[in-house]
Amino acid sequence: MSTLTTALVTAFGAERVKIDAPLAPLTTFKVGGPADVLFEPVNADEILRALAIARAAGQPVTMLGGGSNVLVSDRGLRGLVIRPREGTVNAVGVRLVRADAAITINGLVRWTINRGFAGLEAWAGTPGTVGGAIFGNAHWKRSNIGDLVESVRLVKPNGTLLQAPADRMEFAYDYSRLKRTGEIALWVAFRVTPGGDPAALRLVARESLSFRKQTQPLESPSAGCIFMNPDPSRDRIPDGMPPSAGALVDRAGLKGAVVAGARVSPAHANFVINDGTATAADIKRLIEQCRSAVKDRFGVTLRDEIISLGEF
Ligand SMILES: Cc1cc2nc3c(=O)[nH]c(=O)nc-3n(C[C@H](O)[C@H](O)[C@H](O)COP(=O)(O)OP(=O)(O)OC[C@H]3O[C@@H](n4cnc5c(N)ncnc54)[C@H](O)[C@@H]3O)c2cc1C
């Protein structure tokens with residue numbers, strides 16, 4: 001057993017430390033190889049202890065939330081994968097709701113709706129967890145989840161804890177400072193408005209869900225949008241083209257394109273779907289084909305929205 005595994009087993013027990021653990025089932029793409037070691041902490045204290053153990057063993061750590069925005073390499077991930085589970089949601093006074101990183105966005109939406117807290121209801125149907133949503137500042141229509149954040153409890157790579165107010169999180173389109181710093185989110189305080197009517201909030205949630213059903217290929221494994229939309233202030237978008245990655249892929253003729261078991265969704269050209277037989281390498285090849293077709297045809301270099309983990 002490696003030093004990392006031995007120390008984790010001593011701290012948490014052998015049954016909770018998984019060696020060579022398949023990651024594909026833990027992602028929405030359903031591809032990718034195993035984690036050297038996987039640990040699923042159930043509270044912030046366990047996350048901190050696991051991080052300290054990995055640091056002492058000199059091993060890299062990868063956080064995994066709902067696995068809904070990642071492409072894990074077929075070779076898997078070295079070191080420790082931490083996948084927080086469980087967690088709690090609590091009201092703090094009447095205008096803040098605190099949710100642990102492991103809470104799913106759907107779970108948080110349900111919790112707030114049932115208590116008449118307005119603000120998060122339109123996020124119904126967003127796959128993944130609070131931690132993953134904060135990392136990439138999840139977006140829906142014209143809103144970013146960061147717009148609702150009051151503060152985030154973070155741990156730095158060296159183990160230091162801090163509380164970052166939203167204006168220090170560097171929230172931007174598909175971006176938070178976590179992408180730069182390697183900090184880990186432990187919990188998040190969201191601003192909410194009390195006194196909402198749960199039935200009315202539920203209606204908004206249902207509208208979001210049905211809009212998703214109409215516009216996204218939810219019946220096949222995917223990881224949501226592959227590319228960020230181009231930024232008109234940075235990217236020169238040809239006249240008459242909307243600043244939309246999906247439209248660019250579509251007009252470059254790649255909608256429906258296939259590499260082995262991976263296909264550009266015929267319903268939404270910024271989604272790649274897995275027919276159940278794709279590998280991560282197939283998906284990566286298809287993504288690169290889309291990127292180069294759009295570059296050749298329109299001169300726009302699309303940037304990844306999905307996070308590639310491991311070696312490709
Ligand atoms: C069908 C479908 C529809 C989607 N629709 C949308 C949409 O409308 N809007 C949108 O923005 N996204 C969408 N996505 C993408 C995805 O749901 C979001 O990006 C989501 O917020 C990712 O959360 P997650 O917990 O699954 O993160 P993961 O995919 O597990 O991880 C994403 C990144 O976050 C990091 N991370 C996870 N937890 C933590 C933590 N606690 N601290 C620090 N880093 C952490 C991971 O290391 C990784 O780099 C969609 C995906 C699918 C499959």
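None of these values were measured; they are calculated from a predicted model.

A. Structural context of the overall build of the protein chain. Counting secondary structure elements, the protein chain contains 8 helices and 16 strands. Against the globule reference of 20 Å for 312 residues, the protein chain gives a C-alpha radius of gyration of 20 Å, in line with a compact fold. C-alpha atoms of the protein chain, sized along the principal axes, occupy 55 × 55 × 35 Å. Taken over 312 residues, the protein chain has a buried fraction of 49%. Sequence-distant contacts, at least 24 apart, represent 64% of the contacts inside the protein chain between residues at least 6 apart. Accessible surface for the protein chain amounts to roughly 14,200 Å². Of this, 52% is attributable to carbon and sulfur atoms. Looking at charge distribution, the protein chain has the averaged site of its 37 positive side-chain charges lying 2 Å from that of its 30 negative ones.

B. Fine view of helix α3 (residues 105-114). With respect to burial, α3 is a largely interior element, 7 of its 10 residues being buried. Burial in α3 covers these residues: Ile105, Gly107, Leu108, Val109, Trp111, Thr112 and Ile113. Here the buried face of α3 lies against β6 (89-92), β7 (96-100), α4 (130-135), β12 (184-191) and α6 (198-215). Positive backbone phi, at 75 degrees, marks Gly116, one or two positions downstream of α3.

C. Quick peek at the environment of Asp167. Assignment of secondary structure puts Asp167 in the loop between β11 (161-165) and α5 (178-181). Here the alpha-carbon distance between Asp167 and Val61, two residues 106 residues apart in the chain, equals 27 Å.

D. Highlighting the site of the ligand. Taken together, 32 residues form the shell around the ligand, and within it Met63, Gly65, Ser68, Thr129 and His139 come nearest. Take Arg212: an N or O atom from its side chain is 3.1 Å from an oxygen atom of the ligand. When the ligand is considered free in solution it has 980 Å² of accessible area, and contact with the protein chains removes 94% of it. It is α4 that contributes the most residues to the shell around the ligand, 4 residues altogether. In terms of residue class, the shell around the ligand is built from 16 nonpolar, 14 polar and 2 charged.

E. Structural detail: the domain arrangement of the protein chain. What the domain assignment reports for the protein chain is domain 1 (3-82), domain 2 (89-214) and domain 3 (217-312). Averaged C-alpha coordinates put domain 1 and domain 2 at centres separated by 24 Å. Summed over both partners, the interface of domain 1 with domain 2 comes to about 760 Å²; 76% of that surface belongs to carbon and sulfur atoms. Taken as a group, Leu48, Arg55 and Ser68 account for 44% of the area that domain 1 buries against domain 2, more than any other trio of residues on that side. The interface formed by domain 1 and domain 2 contains 0 salt bridges. It is helix α2 (residues 44-56) that contributes the most residues to the side of domain 1 that touches domain 2, 5 residues altogether.

F. Local environment of the packing of aromatic side chains. Here the structure, examined in full by the defined rule, presents 3 aromatic pairs. Ring centres of Trp140 and Phe211 lie 6.0 Å apart, and the angle between their planes is 75 degrees; on these two criteria the pair is classed as edge-to-face. One end of the pair, Trp140, is in strand β8 (residues 139-140); the other, Phe211, is in helix α6, and 71 residues separate them in sequence. Owing to a relative accessible area of 10%, Trp140 belongs among the buried residues under this scheme.

G. Examining the side chain of Thr27 more closely. Structurally, the position occupied by Thr27 is in the loop between β1 (17-22) and β2 (34-39). A polar contact is formed between the side chain of Thr27 and the backbone nitrogen of Lys30, at a distance of 3.0 Å. With near-sequence residues (within four places) excluded, Thr27 lies in contact with Gly67, Val70 and Val72.

H. Layout of the packing of helix α1 (residues 3-12) against α2. It is at 9 Å that the axes of α1 and α2 come closest, and there the two elements cross at 150 degrees. In this view, α1 runs roughly antiparallel relative to α2, as classed from their interaxial angle. The chirality of how α1 crosses α2 is right-handed. Facing α1, whose interface residues are Leu4, Ala7, Leu8, Ala11 and Phe12, α2 presents Glu46, Arg49, Ala50, Ile53 and Ala54. Taken together, the residues of the contact of α1 with α2 break down into 8 nonpolar, no polar and 2 charged.

Parameters at a glance
Residues numbered from 1 in each chain as written. Predicted model: local features only at pLDDT ≥ 70, side-chain atom pairs only at ≥ 80, totals over all residues. Heavy atoms only, no water. Helix = DSSP H or I, 4+ residues; strand = E, 2+ residues; numbered from the N terminus. Rg over C-alpha atoms; globule rule 2.2 N^0.38 Å. Buried < 20%, exposed > 50% of the residue type's maximum accessible area, 1.4 Å probe, protein only. Contact = heavy atoms within 4.5 Å. Areas by Shrake-Rupley, 256 points an atom, 1.4 Å probe, with all protein chains shown as cover. Lys, Arg positive; Asp, Glu negative; His and termini not counted. Charge placed at Lys NZ, Arg CZ, Asp CG, Glu CD. Near = heavy atom within 4 Å. Polar contact = N/O pair within 3.5 Å; in protein donor to acceptor, adjacent residues only side chain to side chain. Nonpolar A, V, L, I, M, F, W, Y, C, P; charged D, E, K, R; others polar. Domains from an automatic or database assignment. Buried area = accessible area lost by both parts, 1.4 Å probe. Salt bridge = Lys/Arg side-chain N within 4 Å of Asp/Glu carboxyl O. Phe/Tyr/Trp six-rings, centres within 6.5 Å; stacked < 30°, edge-to-face > 60°. Axes fitted to C-alpha atoms, helices over the stretch in contact; angles between N-to-C directions. Parallel < 35°, antiparallel > 145°, perpendicular 65-115°, else oblique. Left-handed = near helix turned anticlockwise from the far one by under 90°.

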